[in-house]
Amino acid sequence: IMERKEVLELILRLAPEALLVSTTGHTSRDLASLADRENHFYMTGSMGCASSIALGLAHAQPKRKVIVVDGDGAALMRLGAFPALGHRRPPNLLHLLLDNGCHESTGGQATLSDAVDFPALAAAAGYPLAHHAGNSVEVRDRLTTWLQAPAHCLTLLAVRTAPTSSAVSARPERAPADVARQFREAACR
């Protein structure tokens, strides 16, 4: 099982120019600690909203690749986002779901993700493509295929990850208002 930071490092290496929206909590903290870039939007304090923000962004910037890094707890909290994305089907959006089986940022309480097949849920909601990836090679290959495809389509990639065993990353240093302003500027370039 991969760790969250391993998956984030792959995204940073393979898709440095993509507009990246990360879910609240440790995912945004880890992303900011690895590479705090203007094309990253850290969703802070609104669990479950990252995929909806990415949906709006994908429609507003149809020529840009958009990747949302979601979590199992956040996705389960806001299941209504799946049919909204599936209905709109933005072709430039990759929904990357990191499933560690817990609400790690709030104390590690278990989610019900082991009872949910996220790719089957996404397919039922209208996503054209939905996959599981079990290791770094599969994540790399799926991400590379999506990035290099001549015609993209809305895709879910669900990755089982281990709860983090390393030290918790610090909160992003930039204030949320600065992150939003700089992200808007980067997205409109």
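Residues numbered from 1 in each chain as written. Predicted model: local features only at pLDDT ≥ 70, side-chain atom pairs only at ≥ 80, totals over all residues. Heavy atoms only, no water.

**Description of the environment of Ala54**
Next, step 1: Along the polypeptide, Ala54 turns up in helix H3 (residues 50-60).
Next, step 2: Spatially, the C-alpha atom of Ala54 lies 25 Å from that of Thr164, the residues being 110 residues apart in sequence.
Next, step 3: Once residues lying within four places of it in the same chain are set aside, the contact partners of Ala54 are Val21, Val66, Val68 and Leu93. (Helix = DSSP H or I, 4+ residues; strand = E, 2+ residues; numbered from the N terminus. Contact = heavy atoms within 4.5 Å.)

**Focus: the nonpolar core**
Next, step 1: The biggest cluster of nonpolar side chains holds 54 residues, and the ones touching the most others in it are Ile11, Ile67, Phe82 and Val159.
Next, step 2: For Val159, the residues in contact, after removing those within four places along its chain, are Met2, Val7, Leu96, Leu97, Leu98, Asp99, Ala133 and Val139. (Core = buried A, V, L, I, M, F, W, Y, C linked by side-chain atoms within 4.5 Å. Buried < 20%, exposed > 50% of the residue type's maximum accessible area, 1.4 Å probe, protein only.)

**Section: the packing of helix H1 (residues 4-14) against helix H2 (residues 26-34)**
Next, step 1: Taken N-terminus to C-terminus, the directions of H1 and H2 make an angle of 50 degrees; their axes are 10 Å apart at the nearest point. Comparing their axes, H2 and H1 come out oblique. When you trace H1 past H2, the crossing you get is right-handed. Across from Arg4, Lys5, Leu8, Glu9 and Leu12 in H1, the residues of H2 making contact are His26, Thr27, Asp30, Leu31, Ser33 and Leu34.
Next, step 2: Across the contact of H1 with H2, the residue classes tally to four nonpolar, three polar and four charged. (Axes fitted to C-alpha atoms, helices over the stretch in contact; angles between N-to-C directions. Parallel < 35°, antiparallel > 145°, perpendicular 65-115°, else oblique. Left-handed = near helix turned anticlockwise from the far one by under 90°. Nonpolar A, V, L, I, M, F, W, Y, C, P; charged D, E, K, R; others polar.)

**Things to note about helix H8 (residues 176-187)**
Owing to its 3.6 residues per turn, the α-helix brings residues three or four apart onto one side.
Next, step 1: The terminal C-alpha atoms of H8 lie 16 Å apart, and with 12 residues this matches the ideal 16 Å at 1.5 Å per residue to within 8%.
Next, step 2: Along H8, the residues classified as buried are Val179, Ala180, Gln182, Phe183, Ala186 and Ala187. (Expected span 1.5 Å × (residues − 1).)

**Let's talk about the state of the cysteines**
What is meant by a disulfide is a covalent connection between two cysteines, made through their sulfur atoms.
Next, step 1: Taken as a whole, this structure holds zero disulfides when the rule is applied.
Next, step 2: Cys49 forms no disulfide, and the closest cysteine sulfur to it belongs to Cys102, at a distance of 20 Å.
Next, step 3: Here Cys49 falls in the buried class, since its relative accessible area comes to 18%.
Next, step 4: Under the relative-accessibility criterion, Cys102 is labelled buried at 12%. (Disulfide = S-S within 2.5 Å.)

**A short note on the packing of aromatic side chains**
Next, step 1: Taken as a whole and judged by the stated rule, the model has three aromatic pairs.
Next, step 2: Between Phe41 and Phe183 the ring centres are 5.5 Å apart and the planes differ by 50 degrees, which places this aromatic pair in the tilted class. Of the two residues, Phe41 sits in strand S3 (residues 40-42) while Phe183 sits in helix H8, which places them 142 residues apart along the sequence.
Next, step 3: Exposure remark for Phe41: the relative accessible area of 16% places this residue in the buried category.
Next, step 4: For Phe183, a relative accessible area of 6% puts it in the buried group.
Next, step 5: The interplanar angle of 35 degrees and the centroid separation of 5.8 Å between the aromatic rings of Phe82 and Tyr127 together place this pair among those described as tilted. Separated by 45 residues along the polypeptide, Phe82 in helix H5 (residues 81-88) and Tyr127 in the loop between helix H6 (118-124) and strand S8 (129-133) bring together distant segments of the chain.
Next, step 6: On the basis of relative accessible area, Phe82 is assigned to the buried category, the value being 2%. (Phe/Tyr/Trp six-rings, centres within 6.5 Å; stacked < 30°, edge-to-face > 60°.)

**Quick notes on the pattern of salt bridges**
Next, step 1: Per the counting criterion, the structure on display carries eight salt bridges.
Next, step 2: A salt bridge links Asp30 to Arg4, with the nearest nitrogen and oxygen atoms 2.7 Å apart. Highlighted residues: Asp30 in helix H2 and Arg4 in helix H1, separated in sequence by 26 residues. Grouping residues by exposure puts Asp30 and Arg4 together as buried.
Next, step 3: A network of salt bridges, in which partner residues are shared, links Arg4, Asp30 and Glu104. (Salt bridge = Lys/Arg side-chain N within 4 Å of Asp/Glu carboxyl O.)

None of the figures reported here should be taken as evidence of function without further support.
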